[in-house]
Amino acid sequence: PCPSPASRLRLIAACVLLAAALCGAGCNIVGFAGPMIENYRRSSTKTIQAEYAGLKGKNWAVVVQADRSIQAEYPQLVAFLTGKICERLVAEQPKIAASGMVPPERVLRYQFDHPSWPSMPYSELAKALQVNRLIVVEVFEYRLNEPGNQYLWSGLASGTVGVVEADTFLQDEFAFQKPVRVRFPDDEGFGPADM
């Protein structure tokens, strides 16, 4: 049986009203779902493929450089980064399949005993540390607050991560290099009492 013209008119009117209600609420739905999707993207676990795979079967060492003004304000930064980066790479050892590493204590001792090491070519530094790969982390900026404002967090760390292949003909050039920039916190207006 065919619906009556009045039933068809009511069905069409109901569909039009439902469509109008959904279109009117569309901004609210998108506005509500957008942050949820972004939060899921940031906090979900996912596999990130390695950008550099040249440590396989090689000895490596991590060398961290920071400006003297950064080291004066945060004297433990270089030692902390050297240790943590080595720790993370050792945890990934089964995946990267490197043949060995120079312990961070030995690298830091070498840096302390040889204050002119930043002026050395990378090939000489790699030879002194007895490695094939030199992972060089250069910290350009590191701060917890905006200069002149100690009341609000505005942390920033920026620098580069590079790998020198000391057993190739380009032993003083980076075979891989990537800039890194991290901010803390994600939002503005937070102070030490808030976090």
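Residues numbered from 1 in each chain as written. Predicted model: local features only at pLDDT ≥ 70, side-chain atom pairs only at ≥ 80, totals over all residues. Heavy atoms only, no water.

(A) Just the confidence of the model for the chain, in detail. For the chain, the average pLDDT comes to 83, and 76% of its residues sit at 70 or higher. At the low end of the mean pLDDT range in the chain sits helix 1 (residues 5-43), at 60; at the high end sits helix 5 (residues 104-113), at 96. (pLDDT = per-residue confidence, 0-100. Helix = DSSP H or I, 4+ residues; strand = E, 2+ residues; numbered from the N terminus.)

(B) Seen up close, helix 5. Inspection of helix 5 places Pro104, Val107, Tyr110 and Gln111 among the buried residues, and these make up the whole buried set. When helix 5 is viewed along its axis, its buried side chains cluster within an angular range of 125° and face the same direction. Opposite the buried face of helix 5, at more than 90 degrees from it, the exposed residues are Glu105 and Phe112. Tucked into the core, helix 5 has its buried residues touching strand 1 (59-66), helix 3 (77-91), strand 2 (100-101) and helix 6 (122-129). (Buried < 20%, exposed > 50% of the residue type's maximum accessible area, 1.4 Å probe, protein only. Arc of directions from axis to C-beta. Contact = heavy atoms within 4.5 Å.)

(C) Examining the sheet that holds strand 5 (residues 174-184) more closely. The sheet built from five strands is open, its strands ordered 2-1-3-4-5 with mixed pairing. If you trace the sheet from one side to the other, it starts and ends with strand 2 and strand 5, each paired once. Strand direction decides the pairing type here: strand 4 (residues 153-165) and strand 5, joined by ten bridges, are antiparallel. For alanine 157, the partnering residue across the bridge sits in strand 5 and is valine 182. Strands strand 1 and strand 2 of the sheet are contacted by helix 5, whose axis makes an angle of about 50° with strand 1. Packing against the sheet, helix 6 makes contact with strand 1, strand 3 (133-145), strand 4 and strand 5, and its axis sits at approximately 105° to strand 3. (Pairing = 2+ DSSP bridges. Axes fitted to C-alpha atoms, helices over the stretch in contact; angles between N-to-C directions.)

(D) Structural context of the side chain of threonine 82. Looking at where threonine 82 falls in the secondary structure, it is placed in helix 3. One polar contact links the side chain of threonine 82 to the main-chain carbonyl oxygen of valine 78, over a distance of 2.7 Å. When near neighbours in sequence (up to four residues on either side) are disregarded, threonine 82 contacts Val62, Val64, Pro104 and Leu108. (Polar contact = N/O pair within 3.5 Å; in protein donor to acceptor, adjacent residues only side chain to side chain.)

(E) View of the environment of proline 94. Turning to its location among the elements, proline 94 is positioned in helix 4 (residues 93-96). Judged by its relative accessible area of 70%, proline 94 is exposed. Sequence separation of proline 94 and lysine 56 is 38 residues, and the distance between their C-alpha atoms is 10.0 Å.

(F) Looking closely at the packing of aromatic side chains. For the coordinates displayed, the defined rule picks out four aromatic pairs. Between tyrosine 74 and tyrosine 142 the ring centres are 4.8 Å apart and the planes differ by 85°, which places this aromatic pair in the edge-to-face class. Of this pair, tyrosine 74 sits in the loop between helix 2 (68-73) and helix 3 while tyrosine 142 sits in strand 3, and the two are 68 residues apart along the sequence. Note on tryptophan 153 and phenylalanine 184: the rings are 6.3 Å apart at their centroids and 65° apart in plane angle, and the pair reads as edge-to-face. Within this pair, whereas tryptophan 153 is found in strand 4, its partner phenylalanine 184 is found in strand 5, the two being separated by 31 residues in sequence. (Phe/Tyr/Trp six-rings, centres within 6.5 Å; stacked < 30°, edge-to-face > 60°.)

(G) Representation of the nonpolar core within the structure. With 18 residues, the main nonpolar core has Leu55, Trp60, Val62, Val64, Ile70, Ile135 and Val139 as its most contacted residues. Mapped by element, the contributors of at least two residues to this core are strand 1, helix 3 and strand 3. In contact with leucine 55, not counting residues within four places along its chain, are Trp60, Ile96, Ala97, Ala98, Arg133 and Ile135. Core analysis: the next-biggest nonpolar cluster, separate from the first, contains 15 residues, Ala61, Val63, Tyr122 and Val131 among them. (Core = buried A, V, L, I, M, F, W, Y, C linked by side-chain atoms within 4.5 Å.)

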